Amino acid sequence: MIKKCTLCGGRLSGGKCEFCGLDHSLYDRDYQQKPHETPSAGSAPAEGAAPHRQSSGAARDRQTKKRQKSPAPRMTPGRSSPNGRKVALVLIISIAIIFVSALLPVLIQAGKNIVQEFSDSGSGYSWQSDGDSSYYDLYSHVKREIPANGDSYETVLGDGFYLVGVHIPEGVYTVELQEGTGSFNITDEENIIYEYFWFGDDEEYDQILYLEDVRLYNGAWVAVSDVVFLTLSTDNAQPLTAQPGLDPLADGTVMLDAGTYIAGDDFTEGVYDLYPATDLETERSTIDLIYPDGGTDYLWMSNSSYNEIPDYYLEHGVKNVVLSSGTELLLEGDDILLQPSEGYFEDYQSQSP
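Residues numbered from 1 in each chain as written. Predicted model: local features only at pLDDT ≥ 70, side-chain atom pairs only at ≥ 80, totals over all residues. Heavy atoms only, no water.

Asks: In this structure, what is going on with the overall build of the protein? I would like to understand it.
Replies: Looking only at helices and strands, the protein has three helices and 20 strands in total. As presented, the protein carries roughly 22,400 Å² of accessible surface, and 52% of it is formed by carbon and sulfur atoms. (Helix = DSSP H or I, 4+ residues; strand = E, 2+ residues; numbered from the N terminus. Areas by Shrake-Rupley, 256 points an atom, 1.4 Å probe, with all protein chains shown as cover.)

Laid out in structure tokens, this is it:
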């Protein structure tokens with residue numbers, strides 16, 4: 001009786017190998033009846049043929065060759081069979097799917113509760129929906145409220161930089177489009193307000209005509225750019241913190257052609273208004289500013305024909321450009337004029353936009 005598999009050497013149970021599954025029952029029966037006869041591959045031996053004897057060494061050689069042609073996996077202690085691993089993997093995946101499906105509604109509700117608590121606490125941005133528009137709370141980090149009482153104030157701002165408390169008073173403003181298309185930026189580091197709005201009359205590109213509840217705190221910079229005029233009005237304007245005027249050390253108007261210049265070396269540092277040097281309607285100039293602290297600004301000017309606005313603007317230019325010592329100015333296009341600004345203030349060196 002064969003006790004081990006002749007193919008892989010595994011243990012037999014009921015005539016079958018526990019590892020490779022080879023059935024030895026028929027083989028054992030034929031071997032018991034004709035222990036010295038080797039079955040022919042594919043057919044029975046011819047009638048009357050003499051039995052062929054085979055030495056035990058030849059049988060061993062045949063078994064060795066058979067094992068080499070059909071290797072079977074050998075199992076080592078502590079390791080499961082491939083089929084067992086597959087079954088375990090499928091079982092684990094099935095349990096995981098059932099577990100996640102059961103917890104998914106709970107996780108979704110928990111996420112909603114966290115978002116709601118975060119919004120109600122006043123920390124971070126609170127998103128709200130109003131029809132098809134969404135907005136967030138710009139003023140969630142303000143350190144104080146602007147007084148409700150104050151003076152009525154209105155002005156028109158064109159391209160330029162405006163320091164709240166110096167060039168325009170602190171207050172809660174309404175901003176309306178007067179003419180043109182361009183941007184309105186607020187940079188308020190103390191109250192963590194950084195906002196950008198695009199004004200114009202083209203709704204397809206999400207341009208807006210007006211803004212309400214625009215809170216401008218002392219120390220914030222307002223930048224208007226891209227050839228636009230905006231009307232700012234408020235009913236609670238606060239007193240200015242500094243009175244702007246002409247720089248007492250200014251050398252007068254400077255004309256620059258295309259090239260690179262350093263404030264303090266190539267011209268006197270200060271606060272300037274920049275204008276096109278000629279009245280040609282084709283005048284185009286681009287200006288890159290690189291400040292000593294590494295900050296940058298990009299300015300674009302042209303002689304595009306806009307209607308004059310009495311008491312505010314008779315020429316198109318960029319107002320209140322701070323050119324402190326070491327600021328690099330890269331000019332491309334047509335010549336420009338640097339004219340000392342009436343928006344000069346004493347500590348401009350530490351108040352770059």
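Asks: Would you mind showing me how to read the packing of aromatic side chains here?
Replies: Aromatic rings in a pair are described by how distant their centres are and how their planes are angled relative to each other. Within the structure shown, the criterion is met by six aromatic pairs. Taking 6.3 Å as the distance between ring centres and 85 degrees as the angle between the ring planes, the aromatic pair formed by F184 and F199 counts as edge-to-face. Of the two residues, F184 is situated in strand β8 (residues 182–188) and F199 in strand β9 (residues 193–199); the sequence distance between them amounts to 15 residues. (Phe/Tyr/Trp six-rings, centres within 6.5 Å; stacked < 30°, edge-to-face > 60°.)

Asks: Would you explain the sheet that holds strand β10 (residues 210–216) in this entry?
Replies: If you walk across this open sheet you meet the four strands as β5-β12-β7-β10, and the pairing is antiparallel. Of all strands in the sheet, those bounded by a partner on one side alone are β5 (151–157) and β10. Averaged over all neighbouring strand pairs, the angle between strand axes comes to 25 degrees, with direction disregarded. (Pairing = 2+ DSSP bridges. Axes fitted to C-alpha atoms, helices over the stretch in contact; angles between N-to-C directions.)

Asks: I keep staring at the sheet that holds strand β14 (residues 259–262) and nothing clicks. Help me out?
Replies: Pairing within the open sheet is antiparallel, and its four strands lie in the order β14-β19-β16-β17. The open sheet terminates on both sides in strands that have one partner only, identified here as β14 and β17 (296–302). Pairwise comparison of adjacent strand axes, ignoring direction, gives a mean angle of 20 degrees for this sheet. Of the strand pairs in this sheet, strand β16 (residues 284–290) and β17 are connected by seven bridges, and their pairing is antiparallel. Bridge pairing in β17 places L289 opposite D297.

Asks: How should the pattern of salt bridges be read in this particular structure?
Replies: Where charged atoms of side chains with opposite charge meet at close range, the side chains can pair. The final tally for this structure, using the stated rule, is three salt bridges. Taking the shortest distance from any N to any O, the salt bridge between R144 and E170 comes out at 2.4 Å. Of this pair, R144 sits in the loop between β4 (133–135) and β5 while E170 sits in the loop between β6 (160–163) and β7 (171–180); the two residues are 26 residues apart in sequence, bridging distant segments of the chain. Residue classification places R144 among the partly exposed residues on the basis of a relative accessible area of 38%. Of the charged contacts in the structure, one is a salt bridge between R215 and D213, with a shortest N-O distance of 3.2 Å. Among the ionic contacts, a cluster of salt bridges with common partners joins E145, D213 and R215. (Salt bridge = Lys/Arg side-chain N within 4 Å of Asp/Glu carboxyl O. Buried < 20%, exposed > 50% of the residue type's maximum accessible area, 1.4 Å probe, protein only.)

Asks: When you look at the pairing of strand β19 (residues 328–333) in this model, what are you seeing that I'm missing?
Replies: Across a regular strand the side chains alternate sides, sitting on one face of the sheet and then on the other. In the sheet, β14 pairs with β19 via four bridges, with the strands oriented antiparallel. Pairing of G259 across the sheet is with L331, part of β19.

Asks: Just checking my understanding: could you explain unusual backbone geometry for this structure?
Replies: The phi angle of most residues is negative, glycine excepted, and most peptide bonds adopt the trans form. Backbone geometry places I192, a non-glycine residue, at a positive phi of 55 degrees. Relative to the assigned elements, I192 resides in the loop between β8 and β9. Its relative accessible area of 39% is what places I192 among the partly exposed residues. For D226, which is not glycine, the phi torsion reads 75 degrees and is therefore positive. Within the secondary structure, D226 is located in the loop between β11 (221–225) and β12 (228–237). Take D226: its relative accessible area is 33%, and that puts it in the partly exposed class.

Asks: Sorry, what's going on with the side chain of T231 here?
Replies: Along the polypeptide, T231 turns up in strand β12. Within the local environment of T231, its side chain forms a polar contact with the side chain of Q178, the two groups lying 2.8 Å apart. Those residues in contact with T231 that lie beyond four places of it in its chain are E154, T155, V156, T174, V175, E176 and Q178. (Polar contact = N/O pair within 3.5 Å; in protein donor to acceptor, adjacent residues only side chain to side chain. Contact = heavy atoms within 4.5 Å.)

Asks: How should the nonpolar core be read in this particular structure?
Replies: Side chains of nonpolar character tend, in soluble globular proteins, to be buried together. The biggest cluster of nonpolar side chains holds 27 residues, and the ones touching the most others in it are L274, I287 and L323. Counting only elements with at least two residues in this core, the list comes to β6, β15 (270–276), β16, β17, β18 (318–323), β19 and β20 (336–340). With four residues, the single largest contributor to this core is β18. Apart from residues no more than four positions distant in its own chain, L274 is found in contact with I287, L299, M301, G317, V318, V321, I336, L337 and L338. Counting 25 residues, the second largest nonpolar core, distinct from the first, contains Y162, V164, F184 and I186. (Core = buried A, V, L, I, M, F, W, Y, C linked by side-chain atoms within 4.5 Å.)

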